[in-house]
Amino acid sequence: MLYIVISASIHGVVGESHSLSERVIFLLPSASTSQAASGSSATALRCFNLKGKSSSKSVNQVQHTHATEAMAEPAYTVPAFSQRSAGEIEEYQRVSSHVGKGLASIQKELHRMRVATKTQVENIEIKREVQEMMHKKVTSITETDKAPDFLVALRPHAAWEKTPVKLFCTVGGHPRPIVKWYKGGKPVDPLSAPGKYKIESKYGVHSLIISRCVVSDTAEYSAVATNSHGSTTSKAFVTVNRPAGGAYGSCQLSGQVPHMTVIHHSKLEITMLDRFGVSFGTEGGSISLVCTMVVVPDLPNVPPLAQWYRDDKLLKAGKLAEIKVGGGAATLTLPHLAKDDEGLYTLRMWTKDGTTEHSAYLFVKDAAPAVAGAPGAPISVKAFDINSDYVLVAWKPPNTTNEAAITGYFVDKRESGSATWSQCNDAPVRICKYPVHGLSVGHAYHFRVRAVNSAGISRPSRESDKVTALDPAERERLQVIKLDGKHEVVIKEDDLEGYVTLPGEPTDVHASEIFKSYIVLSWKPPSPRGRAPLWYIIEKSVSGTGAWQRINTAVKLQSPRYPVFDLEAGKKYQFRVHSENLYGASEASKPTDPIEKVDEHGVPSAPGQVVATRNTKSSVFVQWDPPKHPNHLIGYYIDASLVGSKTWAPCNHKPYKHTRFVVHGLTPGETYVFRVQAVNIYGLSDESQESTPIAVEPALKSFILIFFILEFYLAALNTMLELSYNIRHPIVPLKHQLNYEVLEKGHVRFWLQCLKMSPAVTYRFIVNDKEVTSSDSHKISHDVNTRVIQMTVDHFSKASEATYTVQIHDGRAKNQSSLVLVRDVFKAVLKEAEFQRSEHIRKQGPHFAEYLSYHVDDDCTVLLVCKVANVKKETVFHWLKDEEEIVLATPPNVMSGSVALPISLFSRKDQGHYKAKLSDDRGKDTSVFDISGQVFDDIINAIAHIAGSSASELVLQCTPEGIRLQCYMKYYTEEIRTAWLHKDSKISSSEKMRIAGTAEMAWMQIREPSEKEKGHYSIQIMDATKSHTRTFDLSGQAYTDAYEEYLRLKAAAFAEKNRGRVVGGLPDVVTIMEQKTLSLTCTVWGDPSPEVTWFKNENEVVSTEHAKITLEANKFASLTITAVTPEDSGKYSINVRNKYGGEFVEITVSVYKHGESPPEPKMGGRGATPAPLASKTPAQTPTPAQTPIPQTPTPSLKSPTPSLRSPTPTAKSPTPPRHVKSPSPARSLKSPTPPRK
């Protein structure tokens, strides 16, 4: 007889106190179908009850014996129902009822056992395969070394006293990193304070627990993870607060009612119930994240302390975030959603056991655009590097899936308190940074950004936080001095610098931002800077030319930052900065190294392999490899698409920093593919390859084990997928995307270049969705050798504003590239085309090949030069200054190809508007050059460089007024910046120290010198780049000799000034007829009053009736001869003198008879004598010698002790010069300086 053995478990049998489960074994004979159907056998079922572990050994033996006997029966006859006895019928009914009741439970148990057994078998098989695979691939796994990386970084904490703080972090890397903890840069040692610190490390999670915090625990804590491949650090700040009104430092007065004990937040027990999940919102809408909880004790006046974080950043209540705690719930409401609000939100509650927290992700999608196809709004607009009139605005680019690529951004600003926005940039900026200058000092501003593509302009971003335009260095210049530990005195560094007028030069001039659109110059303010308001002057120069040009001519710059936009591509520039205030400008700073505006990096490369795995019934876990060239990566955008659909939808709307992301909100049962783009300030990278399609359904419990198995096959599989995709969808690789070039005749050339091209290539140009074919106005061609496809537009006009697209087909491969020329970009191209067209027309006649510029010769002559072309003999050239023609002695020769206008002795009078005109019968051209402002300063600096290089050493010249120091040079004008110094202190021109010069030299004269004026003197001649210094040591013997010579010259000048002299009135020759009266009258002067003596033929004349001599008021001397006769003819002379000297004047008198002709006149003269005569007798007076005329001294290169004998100066006479004889000889004089070499 064949039996079927069925085993089943029955749980929770009532009435059995010793066992909770029973095992029942049913033995069923294999009866025929009819027998089983009729149920005629009373012994058809044998039931054995095995009661768990409490069953005894004897029972087991009995059961085994009965089972053996039952299976050993040779045959079994089912008795007929009529043959059953009353006892058998009762037994049969009892057994049947038990079997009927347990049959359903037996079937359920069989199904459960079948499923459980299958699951166990599968798990055993998976474990076995994993162990085999890991045993085979242990080398490849263990040898994948990686530097430490914080998967979960430390978070900042704020705690109350006597509460614990737990710092957690998760670290990856191979070999397994070792983590050490630091507090304020010093290692944390648990043994130094037993019970204070507890350090744990379990399952890759590292923790530092600080028990019963005190205020002194406030510090920056850091975890440093280290292995053989490097180290990394994560930092977080812990702030421990003391409750207000606490027991510390307070006392309770007797007789007063004590305050109720304050219940601290850490004394509450909090259990979270309903928690917020993954949420979805839309820009411009609102959303609330709610978490309900049970608080014990639940006191209305002591709500629990709840802190909300977004991406580990603590949120504060404000107009953008409303936080409420109470009524058994913690709520965060975001009333004005923006994509900036997207992120991982965490609610952290302070409890009795520390903290409890919950996190979930919030997704915020773009609102509907104002224009179809316009991009989404930019994200995370912030202002950096804030100065008094300059800020740097930065943002993150939006995700673009089905929209056209972004071509640029507009930055807007508004003053705080105003609702009016103004646009900062005229043309869209292509990178996600823009320097805004021209702000008002002390005003507060907000900024926003709008993205632009071919379809239109996006919605504006969320405005930035308020920033105030202030000088950050102003606060650093303040010093606080504490008096008696109570009072504070605030002073400025200006007060410590003393009285400073001219500021110092700026330092550390460099380019802090370098892009293709602009560069930003930065520098350090001068020290000392003075108390007067300070501004800056910036100059640029093409590297290697030495020609400096001012940049900020119309801007009074007050910040040590300045953006420069108008730089030519391909050229390298140098920059320098001057400080300036109301007293003048400083020296120029040190020039920068050559700088060229280029985009140093560009967009990142595409991310690597993308792997999608199941997560939940509506989410998928996506991870990818980072790009090979991150180029200052900001984050990633993840896109999803249904299999078979060409429409992509963004999974996140804010750049995500990590390389793994859980995509939520998917439709269960659908199959998706995913792609990833990398993001930086230049924009979005190319899309990664699509992931393998994956159906959205819950992951198996054995997912982790299966993942380890699949990991070994992913690399090969994705390589095959990539090859398969490239084979099925070949593309024509492009070396250069579609671009434009403006040609010299105003034609515009659109071109692109392929990496590969076959002779069978076909293509077409599409302009605003209309195909353009080759014609006279649009010339389309290609070159297989250079792989260039081009279209030239002959007449580029306003109608050419469009989107240009090239579609290429080369066999099965294809590609296309587009260029958007609209709005400001198009205006710039049109302006350049029109300029080139007008230039082409201009060059058909006589024209300037090079416009006017200046050049300074070695002799300091300024030349305005230009080059002309396409001229002939009939071509006329004119020079004009301020619209008045300049006539040169030699007309310009235009046939030489170069024309120059020399300006000698250049000075401020030569400033003006210069113009060169060229004309003939074919046309005319004009070149204009404005010599003023920075151009004038540059010319003066060039002259100063030549003059300073040629300057001689200082030489000494004594004068009656004082001691003069002279510096000879090729040319000097007062516009050249010079500085005279005495003992390294700058000298200002005054009555005591007079500073002046001539065209040949600069000089400084010390009037009435004294001992104070001794010392080292120097002159500094400053040009644009350096200072030329010449010196003289006026001390010791040099000062003694100079001072003696000065006294001698001063005495001589005094004597010359006060000596006796004839002021005027006497003629040289007198012709008179006889019997007439002769009157010789003159005016004399001297201090003291001079003596007057008259002579005739060198014999003194005595006053008589015939010849009468008079002197009235010691001023008017006269000799009157009445009734002259021929005997009165002769040579008369007058000698006027006092103690300082005198003057001898001769008059020739001729008397002729009545009727005779007057005789020929003979000239007399006058002379000066430095000393009085010893006798009035002319016979004792030696023949006078003519006083020598002193010549201009010429300096040697260096004369530390020059000869100091100077010539006696002669005063100018109001009467014409005559031939004069002096009654005494002149002194022999020497030149004070040796002849110039």
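Scroll up for the structure.
This one's a predicted model, so the numbers in the text were calculated from it and none came from an experiment.

1. A closer look at the overall build of the protein chain
For step 1, the next point in the chain: Assigned secondary structure in the protein chain consists of 10 helices and 78 strands.
For step 2, the next point in the chain: Here the protein chain, with 1237 residues, has 40% of them falling under the buried criterion.
For step 3, the next point in the chain: Put simply, of all contacts in the protein chain between residues at least 6 apart along the chain, 65% involve residues at least 24 apart.

2. Things to note about the pattern of salt bridges
Should the charged atoms of two oppositely charged side chains come close, the side chains can pair.
For step 1, the next point in the chain: Counted by the stated rule, this structure contains 35 salt bridges.
For step 2, the next point in the chain: Of the charged contacts in the structure, one is a salt bridge between Lys-571 and Glu-568, with a shortest N-O distance of 3.1 Å.
For step 3, the next point in the chain: Classification of Lys-571 as partly exposed rests on a relative accessible area of 33%.
For step 4, the next point in the chain: Here Lys-915 ties to Glu-883 by a salt bridge, and the two come within 2.9 Å at their closest N and O atoms.

3. Examining unusual backbone geometry
Leaving glycine aside, a negative phi is the common case for residues, and trans is the common case for peptide bonds.
For step 1, the next point in the chain: The linkage connecting His-174 with the following residue, Pro-175, adopts the cis geometry, with an omega of -5 degrees.
For step 2, the next point in the chain: If you trace the backbone, Pro-175 turns up in the loop between strand S6 (165–174) and strand S7 (178–183).
For step 3, the next point in the chain: Its identity as a non-glycine residue notwithstanding, Cys-860 has a phi of 70 degrees, on the positive side.
For step 4, the next point in the chain: Looking at the secondary structure, you find Cys-860 in the loop between strand S54 (847–856) and strand S55 (862–869).
For step 5, the next point in the chain: Classification of Cys-860 as buried rests on a relative accessible area of 2%.

4. Observations concerning the pairing of S7
For step 1, the next point in the chain: Across six bridges, S7 lies against strand S11 (residues 219–227) in antiparallel orientation. Bridge pairing links Tyr-182 to Ser-222 in S11.
For step 2, the next point in the chain: Pairing geometry for S7 and strand S8 (residues 186–187), over two bridges, is antiparallel. Its bridge partner lying in S8, Tyr-182 is registered against Pro-187.
For step 3, the next point in the chain: In this structure, the hairpin formed by S7 and S8 is closed by a connection of two residues, where Gly-184 is found at a positive phi of approximately 60 degrees.

5. Thoughts on the nonpolar core
For step 1, the next point in the chain: Phe-877, Phe-906 and Ile-943 are the most contacted members of the largest nonpolar core, which has 52 residues in total.
For step 2, the next point in the chain: Here the element with the most residues in this core is helix H9 (residues 933–950); it accounts for seven residues.
For step 3, the next point in the chain: If near-sequence neighbours (up to four positions away) are discounted, Ile-943 is found in contact with Val-856, Cys-860, Val-862, Phe-906, Tyr-971 and Ile-976.
For step 4, the next point in the chain: Among the nonpolar cores identified, the runner-up in size contains 29 residues, and Met-757, Ala-802, Tyr-804 and Val-806 belong to it.

6. Quick look at the environment of Val-788
For step 1, the next point in the chain: In this structure, Val-788 sits in strand S51 (residues 788–793).
For step 2, the next point in the chain: Since its relative accessible area comes to 15%, Val-788 is described here as buried.
For step 3, the next point in the chain: Spatially, the C-alpha atoms of Val-788 and Cys-754 are 6.6 Å apart, while their sequence positions differ by 34 residues.

7. Observations concerning the sheet that holds strand S50 (residues 778–783)
For step 1, the next point in the chain: Taken together, the four strands give an open sheet; going across it, the order is S46-S47-S51-S50, and neighbouring strands pair in antiparallel fashion. A single partner strand is all that each edge strand has here, and the edge strands are strand S46 (734–742) and S50. Looking at each pair of strands side by side, their axes are set apart by 10 degrees on average, direction ignored.
For step 2, the next point in the chain: Two strands pair when backbone bridges link them, and S50 and S51 are joined in this way by six bridges, in the antiparallel orientation. Its bridge partner being in S51, Asp-783 is matched across the sheet by Val-788.
For step 3, the next point in the chain: In the packing of helix H8 (residues 823–842) onto the sheet, the strands contacted are S46 and strand S47 (748–754), and the crossing angle to S46 comes to about 55 degrees.

8. Notes on the side chain of Thr-333
For step 1, the next point in the chain: Tracing the backbone shows Thr-333 in strand S19 (residues 329–334).
For step 2, the next point in the chain: A relative accessible area of 18% places Thr-333 in the buried class.
For step 3, the next point in the chain: There is a polar contact of 3.1 Å between the side chain of Thr-333 and the side chain of Ser-288.
For step 4, the next point in the chain: Beyond its immediate sequence surroundings of up to four residues, Thr-333 is in contact with Ile-287, Ser-288, Leu-320, Ala-321 and Glu-322.

9. Concerning the sheet that holds strand S61 (residues 955–958)
For step 1, the next point in the chain: Taking strand neighbours across the sheet as the criterion, the four strands line up as S61-S62-S66-S65 in an open arrangement whose pairing is antiparallel. Edge positions in the sheet fall to S61 and strand S65 (993–997), since each of these pairs with one other strand and no more. Geometrically, the sheet is characterised by an average inter-axis angle of 25 degrees between neighbouring strands, direction not taken into account.
For step 2, the next point in the chain: On the sheet, helix H10 (residues 1037–1058) packs against S61 and strand S62 (962–968) and is oriented at approximately 25 degrees with respect to S61.

10. Quick notes on H10
Every α-helix winds through 3.6 residues per turn, so residues three or four apart in the chain are directed the same way.
For step 1, the next point in the chain: Here H10 spans 32 Å end to end across 22 residues, near enough to the 32 Å set by a 1.5 Å rise per residue.
For step 2, the next point in the chain: The set of residues buried in H10 consists of Ala-1038, Tyr-1039, Ala-1042, Glu-1045, Tyr-1046, Arg-1048, Leu-1049, Ala-1052, Ala-1055, Glu-1056 and Asn-1058.
For step 3, the next point in the chain: Summarising the contacts, the buried residues of H10 are in contact with S61, S62, strand S68 (1027–1034), strand S69 (1061–1064), strand S71 (1078–1085) and strand S76 (1130–1138).

Definitions and cut-offs
Residues numbered from 1 in each chain as written. Predicted model: local features only at pLDDT ≥ 70, side-chain atom pairs only at ≥ 80, totals over all residues. Heavy atoms only, no water. Helix = DSSP H or I, 4+ residues; strand = E, 2+ residues; numbered from the N terminus. Buried < 20%, exposed > 50% of the residue type's maximum accessible area, 1.4 Å probe, protein only. Contact = heavy atoms within 4.5 Å. Salt bridge = Lys/Arg side-chain N within 4 Å of Asp/Glu carboxyl O. Pairing = 2+ DSSP bridges. Core = buried A, V, L, I, M, F, W, Y, C linked by side-chain atoms within 4.5 Å. Axes fitted to C-alpha atoms, helices over the stretch in contact; angles between N-to-C directions. Polar contact = N/O pair within 3.5 Å; in protein donor to acceptor, adjacent residues only side chain to side chain. Expected span 1.5 Å × (residues − 1).

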